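# Overview (structure and organization)
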Amino acid sequence: MRLLYAIPIILLPNTAHLPPDVSVGTSVALLVLAMLMGGREPEYLKRPGYLIPPLLALFLAMLIGFIAAHWHDLADAEKDLREAKVAVLYPLLYIAYRKCGLDMKQTRQLILLVLLVAVGAGLEAVLQGLSFNLGEFSETQRATGPFGQIKMANRAGVFFAMFLPMLFAPTLQYRQRRWVRWAAFAGSVILAMAILLTYSRQSYLIGLFSIMILLVSRSIPAAMLAALLLVATSATLLPGSVVDRVQQTQQVSGTGSVTFDVSTTSRFSIWNGTIDMLRDHPAGVGLGRFSEHIGDYTTYAGKDAHNGFLLTLAECGPLGLLALLWVFWRLWRLAASLRRSAAAVAPSQARTLELGFTFAVLSMALGNMYGSPFFDSVVMANFWILCGLMERYGILKAYAGREAAASGAPIPAPIPAGQRFPLAARALPRLAGVARSRRLLR
């Protein structure tokens, strides 16, 4: 059973390396087989998944958008039906893994496999990037890892940024075994390098944001020190191509006026055109029809919206946007409930996976502010799998904690202050000694 659920985790992000439809067809067949062979779930796991209501609302909005798109034009019905099928199929991975029938240990192993596959994809991107000219940025040299064409570079960067906090969080947990922390740190370095070599500026900001917030939550002095080191060493340690890519964002002319590069200004133009499109089509232009209509409002015909929320609003109308926001809200509430549940079961134990998952959700949401990877199947497949596994793991963990409490098992000892706040643990004895010396002098 564990093998049947493990293979799709490996295949789906590597779709571009396989013949067409092999990864999807094989994964669906294995998951159907696993669900047929699986035993009955215990009562406490039979409750509906946390994300099912908003996903159903989103599917309904997409169905209405699909009908609206083909009400007067059936020219591309077959192609649009395939794309709509994929858009619906991949979020269902959440349900498949939420109901996978595995125990807590096996579920945790699959979560670790998801992270290992992400690190493998990052390593592939790093190896691609090392063959580039790292002295100067070029639009034709951007790492994509297993995601294929160069146009996938931005979405590859979001994929790496989503899983980066899941690996960085264990490095800050002092109760973790040393080899686990070092392995997590190595994985974090690989993903950070992969993000750099995609040259995706939004992914730079997302990864930096999640790392800094995790550092602040652990130790404010450590976060300040990391920020100072980053500012002091970025110009010397980072490849010249990365620095060049960031500097291209805005340019100062001889008269002192600041202008943005074409990639940035095109997004502003497309977003303004999206608002104009919505005025003419308040109910949406139809699922998959954005690229066909944006040319009527901008000079960027055939382009993506570069914003998942505006794309949904333009194609499926306000109903689609509300459904999408509901999905994100439920994801955030799921992460919060996992953190609370872990704290209630064992207040003294580190909530490593739960904390990392919270920032993975936040990174995914931020990735859709400057792009639209939410509707990209291969980028989002393992994220949906992770959501299902994390919800199942949280329920199993909470049930195991209640069983242990009912049986009178000993409660784990609290984390020593020196392990939670190492800087304070070293400083307080010195301060106490200074205070005693002053009293004696008096």
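Residues numbered from 1 in each chain as written. Predicted model: local features only at pLDDT ≥ 70, side-chain atom pairs only at ≥ 80, totals over all residues. Heavy atoms only, no water.

### Some details on the overall build of the protein
- Of regular secondary structure, the protein possesses 18 helices and two strands.
- The 442 residues of the protein split such that 44% are buried. (Helix = DSSP H or I, 4+ residues; strand = E, 2+ residues; numbered from the N terminus. Buried < 20%, exposed > 50% of the residue type's maximum accessible area, 1.4 Å probe, protein only.)

### Digging into the nonpolar core
- Counting 90 residues, the largest nonpolar core has Tyr97, Phe357 and Trp384 as the members making the most contacts within it.
- At 13 residues, the largest contribution of residues to this core is made by helix α14 (residues 308-345).
- Non-local contacts of Phe357, meaning those with residues more than four positions away in its chain, are made with Met166, Leu334, Ala335, Leu338, Leu386, Cys387 and Met390.
- With eight residues, the next largest nonpolar core counts Ile270, Val285, Leu311 and Ala314 among its residues. (Core = buried A, V, L, I, M, F, W, Y, C linked by side-chain atoms within 4.5 Å. Contact = heavy atoms within 4.5 Å.)

### Re a nonpolar patch on the surface
- Together, Leu60, Leu63, Ile64, Ile67, Trp71 and Leu319 make up a nonpolar patch on the protein surface, roughly 630 Å² of accessible area in all.
- Residue contributions to the nonpolar patch peak at four residues, all from helix α3 (residues 52-69).
- In this fold, Trp71 is placed in the loop between α3 and α4 (77-89).
- Taking relative accessible area as the criterion, Trp71 reaches 64% and is therefore assigned exposed. (Patch = residues over 30% accessible without salt bridge, like charges linked within 9 Å, V, L, I, M, F, W, Y side chains within 5 Å. Areas by Shrake-Rupley, 256 points an atom, 1.4 Å probe, with all protein chains shown as cover. Salt bridge = Lys/Arg side-chain N within 4 Å of Asp/Glu carboxyl O.)

### Remarks on the confidence of the model for the protein
- Residues with a pLDDT of 70 or more make up 85% of the protein, whose mean pLDDT is 83.
- Of all secondary-structure elements in the protein, the lowest mean pLDDT belongs to helix α17 (residues 417-420), at 43, while helix α6 (residues 104-129) reaches the highest, 95.
- Residue range residues 411-425 is modelled with pLDDT below 50. Its contacts to residues more than four positions away, or to other chains, number 20 contacts. (pLDDT = per-residue confidence, 0-100.)

### Some remarks on the packing of helix α1 (residues 2-11) against α6
- It is the contact of α1 with α6, at a shortest axis distance of 10 Å, that shows an interaxial angle of 20 degrees. With respect to their mutual orientation, α1 and α6 come out roughly parallel. Crossing handedness for the pair α1 and α6: right-handed. On α6, the residues that touch Arg2, Tyr5, Ala6, Ile9 and Ile10 of α1 are Gln106, Gln109, Leu110, Leu113, Val114 and Val117.
- Looking at the contact of α1 with α6, its residues break down into eight nonpolar, two polar and one charged. (Axes fitted to C-alpha atoms, helices over the stretch in contact; angles between N-to-C directions. Parallel < 35°, antiparallel > 145°, perpendicular 65-115°, else oblique. Left-handed = near helix turned anticlockwise from the far one by under 90°. Nonpolar A, V, L, I, M, F, W, Y, C, P; charged D, E, K, R; others polar.)

### Re unusual backbone geometry
- Despite not being glycine, Tyr199 has its phi angle at roughly 55 degrees, a positive value.
- Locating Tyr199 in the fold gives a position in the loop between α8 (178-198) and α9 (201-218).
- Positive phi, normally seen in glycine, also occurs at His306, with a value near 60 degrees.
- Examined against the element boundaries, His306 turns out to sit in the loop between α13 (290-293) and α14.

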